[in-house]
Amino acid sequence: MKSVMKILTAALVGTTFLVAPTFAAKVPEGVKLAEDQTFTYRALDEHSSIDPQIVEDVSGSDIIRDLFEGLLNQDANGNLIPGVAESWEASNGNLTYTFKLRKNAKWSNGDPVTAHDFVYAWRRLADPETASPYSWYIELMSLENAKEVLAGEKDPSELGVSAPDDYTLVVNLTAPLPYFAAMTTHASTFPTPQKIIEKYGKEWTKPENIVSNGAYVLTEHVPNERLVRERNPLYWNDAETVIEKVTVLVINDDNTALTRYFAGELDRTEIPSGEYPRLKEEYPDQALSFPRLCSYYYTFNLSDSGPEAFKDKRVRQALSYALDRNIITEQVLKGGQFPAYTFTPAATANFTPPDVEYAKMTQAERDAKAKELMEAAGYNADNPLKFELLYNTSEGHKKIATVAAQMWKQKLGVEATLANQEWKVFLETRSKQDFELARSGWCGDYNEASTFLDLMTTPSGYNDGKFSNAEIDKLMQDARTAADPNANYTKVEEIMAEEMPIIPVYHYTAVFMLDPGLVDSWPVNNVEQNWYSRDLYRVEK
Amino acid sequence: MFRFILRRIAIAIPTMLILIIISFVLIKSAPGGPFTSERPLPEQVLANIEAKYGLDKPYHQQLIDYIVGIVTRGDFGPSFRYKDRTVNDVIAQGFPVTLTYGFWSFIVAVSVGVSLGIIAAIFHNSWIDYFAVGISIGAQVLPNFVMAPILVIIFTLWLNWLPGGGWHGGQWQYIIMPVIALSTSYMASIARIMRSSMLEVLNSNFIRTAKAKGLSWRRIIFKHALKPALLPVITYLGPAFVGMITGSVVIDMYFSTGGIGREFVNSALNRDYSVIMGITILFGFLTISFNLLVDILYAWIDPKIRY
């Protein structure tokens, strides 16, 4: 995440003054809206916080996007649209960004939302006193003095953000980020009410205290059970909001949640693993599966502590080739997942996965090639390759690991033993390179290939396999300032297909049941799944 | 008796202290920490967070600070996972929920269990006995993680009588299924203990004497047999009550009740140190208290027992 972020650059690079159309829930002509405009969805776990500068999980961010509004929002396709900022301008060679705020944005207590609220929030994010787990984000945004403020060397007031007047926000950067504006859709950059936070301290997010500026206000919160938000009449675009009330219910178990969906208590819930084909057949208009920005893969430990065998790329290639991804996606997962031959999912914006050679072969060809490579590397029936495949304890991971080990055994005579560890133990083990082959998963932080490929660079903090390739490092470095970085990304994927530092297994899909009335307005094309309740509407069905 | 209680309380204090120290050492020795995640935090950010929560201090200092906080301010510290809440908030929210459904489960388990046991013993070896024993064995072998989804399928999906989960401040329709699911296996154990101890009592000499005197059945059972027959049940009730009011992760998971049982398991998985400690202390306190209560009840029921 130290890397450069390039979100939707095409829309932003080289522009001077951008004014995009505003829209919330645009209900198409002729659509009959349902009487009941409420939306109830399920969350797996209680969110960590609904304080924008503290939140770190997806379920918390989903709530915050309803309660608060930042400078910019995303539309149903993930494109940037105005939020509190009506327009924005990059100057000084992308080192300065100026946002013009709308004058009709209000807090839920009636106070106007001003540029000072953003200045306060951003300083608060960086302030070591706040101890935000997302404070690194302000450094990633390359704000002036962000690093020094985080380290406690400078006062938060020296952060490169200022408000020359109530409705102008000026941001000074240390690196010319062409895509800076898109970074302001992230929840941690949303404004927060200084007076309220100073008055109530940690208690400020309680329903009786909270003041927010989004399309909804928090009306009820019973931790571990439910959180309710209702339409905010003071929201500047309330006229175009349709959904009146949004409720999230915490239901830990997938199957219970599905039962409650069928009992009519929920409008949206995740489909338990393996159930998708059946539900799709029985409820074709409710069972949805669409691509997500996530990859599932196995990481080879290529550090000194890793097995000698894995240092031979023929072994890595052989294991990757012999893995029949179609069986895993079609027979094991059955949720419309995509077999993966590259690290970056095809759904990533502006990214076309290269036609890597092993992806074009048939599985029989891959198997034959794998055998050949394994033989050449010196492993055969008399001298079988042995290693341990480590995954974090979960039925789903176990199934895939079992199938993979079986494939390697049958095709290559490889003896892979399975080992599982509880989540936090697993993370610790993996980050200390105390493994041979380990399960990994990665979801993009933003919709651009570098969110994945940066993991393969030598300095990356998330490069658990300690793979190091000078050419990839250089390509990724150059991509940060390249006019079209995609050529670099393609090249990186090609090198990876040859070097095989990881075995890509599949690309995730979001698989859930959604009430038929809401299917029309659900943003299936927003691969980051940044959805806003104010853009939804329920159709009469 | 009074001295006995005082002595027990005096022992409870060092017991709690040992409990706290052992839990603390165990938690700290588990790999990973509250801020270990798929995306490791940059060093500076982690340092800021640890400084805020006092996790940068030496272990013994953290432990001392923690105990001092509890004793002087009743403050069990902040939750590392739910950053808007303290441990006191977590317990204050979850424990009443668990206490409510645990209390009702206890009432149901005891009243149904004791009645079944008595009936089975009175009609020993008749179809009523077999029926009662059949029910209690059935209830015993059906674990609550099987029971819970079955209840939901029957009462929510088929009959549409009860909501499939949630708590809503403890409205009755939300309590029924958790109580059934939680109480059945306890109910079954109580019924079986009650039945065998009742049988034993009914075959004893003083009951024979009572029968010989021509006392009515009702008088024999309720006046003479019940009290001694209850003793083994009471031994079981102490830990059973604590078990029920400290909650069940299964109940909390299936019925989304938001009780403390799920919180306890989650806090361990999240390495939410202060929440684990807080709930452990609460449970330790309850266990010690109810064991004491059972001992007192014992002396009250059985005049032979003197402390």
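Residues numbered from 1 in each chain as written. Chains lettered and ligands numbered in written order. Predicted model: local features only at pLDDT ≥ 70, side-chain atom pairs only at ≥ 80, totals over all residues. Heavy atoms only, no water.

### Comments concerning the overall build of chain B
Along the backbone of chain B there are twelve helices and zero strands. Going from N to C terminus, chain B has its helices and strands arranged as α-α-α-α-α-α-α-α-α-α-α-α. For the C-alpha atoms alone, the extent of chain B along its principal axes is close to 85 × 55 × 30 Å. Looking at chain B as a whole, 47% of its 307 residues qualify as buried. Restricting the contact set of chain B to residue pairs at least 6 apart, pairs at least 24 apart contribute 72%. Working note: accessible area of chain B is about 15000 Å², and carbon and sulfur atoms make up 69% of it. (Helix = DSSP H or I, 4+ residues; strand = E, 2+ residues; numbered from the N terminus. Buried < 20%, exposed > 50% of the residue type's maximum accessible area, 1.4 Å probe, protein only. Contact = heavy atoms within 4.5 Å. Areas by Shrake-Rupley, 256 points an atom, 1.4 Å probe, with all protein chains shown as cover.)

### Some points on the nonpolar core
Of all hydrophobic cores here, the largest spans 164 residues; its most connected members are F99(A), W122(A), L143(A), V171(A) and F180(A). Top contributing element to this core by residue count: helix α7 (residues 172-202) of chain B, with 15 residues. Each residue touching W122(A), except ones within four places of it in the same chain, is listed here: L71(A), I138(A), M141(A), L143(A), L159(A), V161(A), V171(A), F180(A), T184(A) and T189(A). Ranked by size, the runner-up nonpolar core spans 66 residues in total, among them L319(A), I472(A), A497(A) and V505(A). (Core = buried A, V, L, I, M, F, W, Y, C linked by side-chain atoms within 4.5 Å.)

### Quick look at the state of the cysteines
Residues and elements named next belong to chain A. Tallying each qualifying case throughout the model produces one disulfide over all chains. Here C294 pairs with C443 through a disulfide, and the sulfurs are 2.0 Å apart. Here the disulfide of C294 and C443 is right-handed, its torsion about the S-S bond being about 105 degrees. Here C443 lies in strand β17 (residues 437-443) and C294 lies in strand β13 (residues 287-300), a separation of 149 residues in the sequence. You can call C294 buried: its relative accessible area is 2%. (Disulfide = S-S within 2.5 Å.)

### Comments concerning helix α10 (residues 313-321) of chain A
In terms of burial, α10(A) is a largely internal element, seven of the nine residues being buried. Within α10(A) the residues assigned to the buried category are V315(A), R316(A), Q317(A), A318(A), L319(A), S320(A) and Y321(A).

### A look at α7(B)
Along its 31 residues, α7(B) runs just 39 Å from first to last C-alpha, ending more than 12% under the 45 Å computed at 1.5 Å per residue. When the local axis directions of α7(B) are compared, the greatest deviation, roughly 40 degrees, occurs at S183(B). (Expected span 1.5 Å × (residues − 1). Bend = angle between axes of the 7 residues up to and from the residue.)

### Notes on the interface of chain B and chain A
Listed per partner, the contact involves 46 residues of chain B and 54 residues of chain A. Carbon and sulfur atoms make up 51% of the area that chain B and chain A hide from each other, which totals about 4100 Å². The largest contributions to the chain B side of the interface with chain A come from E38(B), R39(B) and D84(B), which together make up 19% of the buried area. For the pair chain B and chain A, the number of links is 27 residue pairs in polar contact (both at pLDDT 80 or more). Going through the elements one at a time, α2 (43-53), α4 (87-122), α6 (144-158), α10 (249-255) and α11 (260-270) of chain B are the ones with two or more residues in the side of chain B that touches chain A. Residue composition of the side of chain B that touches chain A, by class: 17 nonpolar, 17 polar and twelve charged. (Buried area = accessible area lost by both parts, 1.4 Å probe. Polar contact = N/O pair within 3.5 Å; in protein donor to acceptor, adjacent residues only side chain to side chain. Nonpolar A, V, L, I, M, F, W, Y, C, P; charged D, E, K, R; others polar.)

### Quick look at the domain arrangement of chain A
Bring the parts together and some accessible area is lost; that lost area is often taken as the interface size. Taken domain by domain, chain A consists of domain 1 (9-249 + 515-535) and domain 2 (291-510). The C-alpha centroid of domain 2 of chain A is placed 35 Å from the C-alpha centroid of domain 1 of chain A. (Domains from an automatic or database assignment.)

### Considerations on a nonpolar patch on the surface
A cluster of nonpolar residues, F262(A), I153(B), L157(B), W158(B), L159(B) and W161(B), forms a patch on the protein surface that exposes about 630 Å² of accessible area. The element contributing the most residues to the nonpolar patch is α6(B), with three residues. Its place among the elements puts W161(B) in the loop between α6 and α7. (Patch = residues over 30% accessible without salt bridge, like charges linked within 9 Å, V, L, I, M, F, W, Y side chains within 5 Å. Salt bridge = Lys/Arg side-chain N within 4 Å of Asp/Glu carboxyl O.)

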